[in-house]
Amino acid sequence: MSAILLIVVPLLAAFISILFKKASPYILLIVSFASVIVLGYIELEVITIGGFASPYGINLVFDQYSLIGLYIVNTLFFLVVAINCVKFKEMSTILLIALAGLNGLLLTGDLFNLFVFIEISGIAAYLITATNKNPLATFNYLVAGTVGSSLYLVGLIILYAMFGTLNMADMANEIAVSGVDASLVAFPFLLMFIGLGVEAKLLPFNSWVKGILASSNKLTGPIIASVYAATIGFVVGRLLTSVFVFSDTLGLVITIILLASIIAGEAMAFSSNKVREILLFSSIAQAGLVVLVFLQGFIGWGVFLVVANAAGKFILFTVTNHASDELGTDEVNDLKGLFVNNKIVGLAFTVASLSAIGLPVFLGFVVKMNILGDLFAEGNLFIPAVILITSVVEGIYFVRLLIKLWYKEHDLPVVQYDFIIKYVVVILAILIMVFGVYTAPIETEANDLDLISFVEGGNL
Amino acid sequence: MLQYVAIVLIMLGLYGLLTQRNIIKIIVSLNILEIGVNLFIVSVGFVDGGLAPIFTSTYNSSVDFSFVDPLPQALVLTAIVIGVGTTALGLALAKNIYQKYGTFEIDEMGEE
Amino acid sequence: MKNFLALLLTLFLGYMIIASLSNNEAFPKYGEADVSSRVSQRYIDRNVTENPGEVLYGEATNLESGSANTIAAIVTDYRSFDTLGEVTVLTVSALGVALLLGGAKQSRIELNFKPNFMLRVGSRALFGIILMTGMYISIHGHLTPGGGFPGGSMIASSLLLLYLADDEFRANIKGVKVIQSVAGSAYVIAGLLGLFIGTYFLENLLDTAVLGDLFSAGMIPIIYVLIGFKVGSEISRIIDNFLTEESV
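How each quantity is defined
- Residues numbered from 1 in each chain as written.
- Chains lettered and ligands numbered in written order.
- Predicted model: local features only at pLDDT ≥ 70, side-chain atom pairs only at ≥ 80, totals over all residues.
- Helix = DSSP H or I, 4+ residues; strand = E, 2+ residues; numbered from the N terminus.
- Rg over C-alpha atoms; globule rule 2.2 N^0.38 Å.
- Contact = placed C-beta atoms within 7 Å.
- Buried ≥ 20, exposed ≤ 12 C-beta atoms within 10 Å, placed from the backbone.
- Nonpolar A, V, L, I, M, F, W, Y, C, P; charged D, E, K, R; others polar.
- Axes fitted to C-alpha atoms, helices over the stretch in contact; angles between N-to-C directions.
- Parallel < 35°, antiparallel > 145°, perpendicular 65-115°, else oblique.
- Left-handed = near helix turned anticlockwise from the far one by under 90°.

> What exactly am I supposed to notice about the overall build of chain A here?
The helix and strand tally for chain A stands at 18 helices and two strands. In terms of C-alpha radius of gyration, chain A reaches 21 Å, essentially the compact-globule figure of 23 Å for 460 residues. Seen through its C-alpha atoms, chain A measures out along the principal axes to roughly 70 × 60 × 45 Å. Put simply, 80% of the contacts in chain A that link residues at least 6 apart link residues at least 24 apart.

As structure tokens, then:
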């Protein structure tokens with residue numbers, strides 16, 4: 001079986017479901033479930049499309065790195081769909097196209113094809129966020145996204161004019177062979193980085209995030225903050241570690257901007273009184289951290305940071321957005337005592353937030369410890385210091401939030417969680433705990449991933 | 001020369017995006033930006049005296065000719081179509097915004 | 001003040017782009033692009049998989065991509081996967097416009113004028129000509145400039161003409177939906193046939209015949225016609241959505 005089916009089958013299903021409106025939620029459910037199952041049966045390989053070998057044709061790289069990405073994205077996507085497909089029937093076709101776009105982003109080995117998939121998944125995301133009923137925020141997202149992808153395209157075309165190729169591996173190779181000065185390619189790479197930074201929620205380019213996530217519902221919150229964030233994390237990781245070449249000065253500038261992004265995100269989360277805002281600012285900070293880790297070249301732990309974030313944010317956003325959909329508010333004070341009657345969901349929420357802080361026994365701890373250890377080993381002291389301080393801030397606001405959500409004597413908010421939400425969040429929370437204790441497989445995997453050299457066609 | 005025009009168009013679009021507060025004008029600025037990008041893409045493949053990369057019967061006899069780079073032209077086709085898609089979506093959103101707030105001016109919409 | 005800052009910022013950015021491009025010796029100056037050092041030279045010579053020797057119009061047979069129009073060869077053969085993505089972008093935005101602009105049972109938005117008899121008849125006569133031209137351009141995409149995208153837009157523009165000239169006209173949206181779905185699915189299925197009968201997704205399975213013939217280039221004209229239908233139906237649906245409103 002070829003990994004291209006992961007893109008093509010959702011696409012075909014989407015085209016067919018235009019005609020069968022009634023059946024489309026079921027088609028969506030089946031296809032997204034099948035995408036998860038089928039992953040176990042596909043061999044790792046580089047797939048050539050149309051019979052033209054790269055760099056002339058487009059190729060898809062299905063290696064260990066994209067396999068992990070596909071597993072986490074498809075699983076979370078299926079869970080989102082399982083929770084929401086009844087309520088958002090009219091979105092089915094668009095969600096199918098989004099699934100194809102996300103799988104394409106993770107698989108593609110061609111820079112222009114990446115642009116096409118950014119647009120597919122981007123336009124699908126604009127439409128998914130339209131269910132927030134806040135058209136102005138969606139419009140801002142559309143403008144920001146379009147400008148971002150245009151900048152990416154300009155950067156890519158400059159690179160094409162210089163090196164005459166569009167394939168990622170071939171581009172990295174050509175740059176290495178031609179021996180051009182890093183400052184010459186700095187500008188196009190900067191443009192491409194800014195373009196991706198819009199989608200990756202990095203600091204100066206993330207004005208759209210607030211409007212989208214602060215009014216998010218049960219569908220858009222998990223999908224944008226968890227599924228899309230994970231995908232774009234993997235894409236940025238692959239480009240930063242394998243294709244982009246940054247000169248030292250530019251690398252330093254970007255590092256400083258990223259650190260500022262982390263600090264600003266945590267500070268804004270600290271000062272916010274709305275649950276969704278706290279979570280969205282925290283995810284801005286996390287996005288900055290992810291890119292920073294990849295920029296430092298730690299592929300393995302960067303991947304697991306993305307995974308830990310995606311799983312955690314999925315739980316946090318699903319739980320809060322269900323509550324705020326039911327109650328019509330997300331002020332912390334109105335949600336006080338939410339978990340008194342919903343202990344199971346509350347426990348899962350607690351696990352996810354403690355893992356985000358990075359307390360021991362949870363996945364987040366393992367990841368953060370190893371990243372800090374690697375940074376110290378490189379003799380880098382400034383970045384770990386910032387990460388530690390922001391973790392403390394994060395700890396304060398999450399614990400404060402948890403205390404408010406757990407304790408209240410009377411006037412408890414009435415929120416019923418469906419059976420399916422309970423199951424999903426509890427299983428994810430258990431996984432976060434299991435891998436927080438039983439760390440051996442993650443550590444081997446992370447070390448394996450560190451060895452990949454994309455230039456030579458992945459780690460096949 | 002054409003490249004400078006393209007860059008000027010891109011910057012004009014960016015300037016519009018930064019300063020305009022009207023939904024329709026923002027969409028127009030976005031389109032100017034996209035046209036600039038598309039022009040830039042095509043300009044990258046141009047060769048002086050180059051011909052359109054299509055084989056016809058006249059090419060068999062003439063020996064000394066060169067084609068312009070066909071790949072940017074193929075890429076620009078994709079970029080144009082994607083631009084059409086986003087513009088259509090932006091206009092539909094503009095209509096939604098107008099239905100909700102009764103105006104296209106962002107400043108007049110007030111806080112939600 | 002804000003405008004002035006924006007002006008400064010854009011001027012600075014523009015200067016940065018121009019300065020960094022003109023100081024960049026690896027970036028070719030306008031008009032001096034070196035095609036032979038790029039991947040596109042192999043597209044022009046049609047020697048990505050095997051070397052066919054000199055490519056001559058009307059003589060070369062069984063090329064790896066038998067379309068006389070090199071751009072068509074790239075769009076629908078060498079980089080066909082991008083085009084599939086592009087068609088998907090159009091689909092999702094057409095669906096999105098339909099979703100955003102409201103549900104079923106729509107009626108036409110009233111025009112500001114009453115179209116007279118001459119206008120209605122004249123536009124109907126023109127409609128056929130534009131439609132035919134659009135079809136012609138789609139079908140000849142592998143030989144002449146154009147192809148499925150401009151052809152499809154022309155088909156949609158012929159419908160737009162009818163919409164504008166007649167305030168009661170509505171296209172058969174059910175039919176448009178069927179075309180939208182069938183043409184898209186057919187493109188994917190054509191790709192899957194390549195995967196299951198041949199080896200690669202979107203492989204060109206048919207004989208590519210003589211370069212320059214109408215019946216040549218294997219799958220390219222078929223895919224271009226499908227794209228023509230697909231683009232035509234998507235844009236028609238967008239037009240219909242913008243020119244209708246929920247009936248009161």
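After presenting the structure, the write-up continues.
> Teacher, can you tell me more about helix H3 (residues 70-78) of chain C here?
Across the nine residues that make up H3(C), a large majority, nine, are buried. Of all the residues in H3(C), the buried ones are Thr70(C), Ile71(C), Ala72(C), Ala73(C), Ile74(C), Val75(C), Thr76(C), Asp77(C) and Tyr78(C). For H3(C), the secondary structure elements touched by its buried residues are helix H4 (70-101) of chain B together with helix H2 (40-45), helix H4 (80-100) and helix H8 (219-242) of chain C.

> Whenever I open this one, the interface of chain B and chain A confuses me. Can you help?
A common measure of how large an interface is: the accessible area buried when the components associate. Counting residues at the interface gives 23 residues for chain B, matched by 19 residues for chain A. Listed by contribution, the elements that provide at least two residues to the side of chain B that touches chain A are helix H2 (23-44) and H4 of chain B. With 12 residues, the top contributor of residues to the side of chain B that touches chain A is H4(B).

> I would appreciate a short explanation of unusual backbone geometry in the present structure.
Across residues other than glycine, the phi torsion is negative in most instances, and most of the peptide bonds are trans. All names here are of chain A. In this model, Lys 133 sits at a positive phi of 60°, which is unusual for a non-glycine residue. Its place among the elements puts Lys 133 in the loop between helix H5 (111-129) and helix H6 (135-163). In this structure, Val 361 is a non-glycine residue whose phi angle is positive, near 75°. On the secondary structure map, Val 361 appears in the loop between helix H14 (343-357) and helix H15 (363-377). The class for Val 361 is partly exposed, based on 14 C-beta atoms found within 10 Å.

> Would you mind going over the interface of chain C and chain B with me for this structure?
Listed by partner, the interface residues are 45 residues for chain C and 43 residues for chain B. Of all the elements in the fold, those that place two or more residues in the side of chain C that touches chain B are helix H1 (2-22), H2, H3 and H4 of chain C. In terms of residue count, the dominant contributor to the side of chain C that touches chain B is H1(C) (10 residues). Looking at the side of chain C that touches chain B, its residues break down into 28 nonpolar, 11 polar and six charged.

> Can you help me understand the packing of H4(B) against H3(C) in this one?
Angle between the axes and distance between the axes: these two values describe a pair of packed helices. Where H4(B) meets H3(C), the closest approach of the two axes is 9 Å, and the angle between their N-to-C directions is 55°. When the axis of H4(B) is compared with that of H3(C), the two are oblique. At the point where H4(B) passes H3(C), the crossing takes the right-handed sense. Residue-level inspection shows Pro70(B), Leu71(B), Gln73(B), Ala74(B) and Leu77(B) of H4(B) in contact with H3(C), the latter providing Thr70(C), Ile71(C), Ile74(C) and Val75(C).

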